[in-house]
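# Structural characterization, general
Letter by letter, the chains look like this.
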Amino acid sequence: DIGPTGPQGDTGSTGAQGDIGPTGPQGDTGSTGAQGDIGPTGASGIAPIAVYNTNLSASGSSFDVPVGNISYQLQYSTSSSLSLSVSALVSSITVDIKRSSQYDSAVEGTSLNGVTLTPTSVQLDSLIYSNSNEMHRTWIRQQDPDTSLWSLYEIDLFASVAGARTSIWVYLIYENADFTVPGV
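Report follows, based on the coordinates. (Residues numbered from 1 in each chain as written. Predicted model: local features only at pLDDT ≥ 70, side-chain atom pairs only at ≥ 80, totals over all residues. Heavy atoms only, no water.)

Attention now goes to the side chain of Thr166. Looking at the secondary structure, you find Thr166 in strand β10 (residues 165-177). Those residues within four positions of Thr166 in sequence are excluded, and the remaining contacts are Tyr52, Asn53, Thr54, Leu56, Leu74, Leu82, Leu157, Phe158 and Ala159. (Helix = DSSP H or I, 4+ residues; strand = E, 2+ residues; numbered from the N terminus. Contact = heavy atoms within 4.5 Å.)

Tallying each qualifying case throughout the model produces 5 salt bridges. The shortest N-O distance in the salt bridge between Asp125 and Arg99 comes to 2.9 Å. Within this pair, whereas Asp125 is found in strand β7 (residues 122-129), its partner Arg99 is found in strand β5 (residues 93-103), the two being separated by 26 residues in sequence. According to the relative accessible area criterion, Arg99 is buried, its value standing at 2%. The partner of Asp156 in a salt bridge is Arg137, and the shortest N-O contact between them spans 2.7 Å. One end of the pair, Asp156, is in strand β9 (residues 150-160); the other, Arg137, is in strand β8 (residues 134-143), and 19 residues separate them in sequence. When salt bridges with common partners are traced through the structure, they connect Arg99, Glu108 and Asp125 into a single cluster. (Salt bridge = Lys/Arg side-chain N within 4 Å of Asp/Glu carboxyl O. Buried < 20%, exposed > 50% of the residue type's maximum accessible area, 1.4 Å probe, protein only.)

Moving on, we come to the environment of Ser130. As for its placement among the helices and strands, Ser130 is situated in the loop between β7 and β8. Residues Ser130 and Ser57, 73 residues apart in the sequence, show an inter-C-alpha distance of 8.8 Å. Leave out the neighbours within four places in its chain, and Ser130 touches Ser79, Ser80, Ser81, Leu82, Ala159, Ser160, Val161, Ala162 and Gly163. Polar side-chain contacts of Ser130 include one of 3.1 Å to the backbone nitrogen of Ser81. (Polar contact = N/O pair within 3.5 Å; in protein donor to acceptor, adjacent residues only side chain to side chain.)

Take the environment of Ser57 next. Within the element layout of this structure, Ser57 appears in the loop between β1 (50-54) and β2 (62-67). Linking Ser57 and Ala159, residues 102 residues apart in sequence, is a C-alpha distance of 9.8 Å. Each residue touching Ser57, except ones within four places of it in the same chain, is listed here: Tyr76, Val161, Ala162, Gly163 and Ala164. Within polar-contact distance, the side chain of Ser57 engages the side chain of Asn55 at 2.7 Å.

Below, the discussion takes up the nonpolar core. Ranked by internal contacts, the top residues of the largest apolar core, which has 26 residues, are Tyr72, Leu74 and Ile155. If we skip the residues at most four places from it in the chain, Leu74 touches Leu56, Ser62, Phe63, Ser83, Leu84, Ile128, Leu157, Thr166 and Ile168. (Core = buried A, V, L, I, M, F, W, Y, C linked by side-chain atoms within 4.5 Å.)

Strand order in the open sheet formed by 6 strands is β1-β10-β9-β8-β5-β6, with antiparallel pairing between adjacent strands. In this open sheet, the two strands that pair with only one neighbour each are β1 and β6 (106-117). Between one strand axis and the next, the sheet turns through 15° on average, direction left out of account. Sheet analysis places β8 next to β9, joined by 9 bridges and oriented antiparallel. In the strand pairing of β9, Arg141 is matched with Leu152. (Pairing = 2+ DSSP bridges. Axes fitted to C-alpha atoms, helices over the stretch in contact; angles between N-to-C directions.)

Let us look at the sheet that holds strand β3 (residues 70-78). Pairing is antiparallel in the open sheet, where 4 strands are placed in the order β2-β3-β4-β7. Both edges of this open sheet fall to β2 and β7, since each of them pairs with a single strand only. Averaged over all neighbouring strand pairs, the angle between strand axes comes to 20°, with direction disregarded. Of the pairings in the sheet, the one linking β2 to β3 comprises 6 bridges and is antiparallel in character. Across the sheet, residue Asp64 finds its bridge partner in β3, namely Gln73.

Now the structure itself:
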């Protein structure tokens, strides 16, 4: 005959930890997550490298946008307009610039071809309407003073409510292009 089970005894002390076993096989790769919004694309089909929103409705207000080695400078002009200047952020730089504006039913522009810019500002447009009347676009091709290679930027501008809502988008179209002719 087997008698009844007796009471359980005290738990003994914990023993020493054993060795870590070998690493198991790598699991399956998970699915790719959703891609985030990269912002609006420009006429070139690429996303801007910078977007700025500023208020230029007060007399004396201004806003500088660095574009490579150039400063793109917007200033309050009147209660219905802004002005645009450019200058070099280095001692001098060679640029090609095309500015185009569309306001109401008119289109006009400015061209600078092979011009040397210095830190002294050059005015590109003295009258940019700032009450949603105008869409403004500037292309700036600039030669790097150290490498002699060229980069092209597009800068778009739209100003509303006397400049209180001014938006600027900067696109890098290409960089470090070499326009030298081989063997020449």
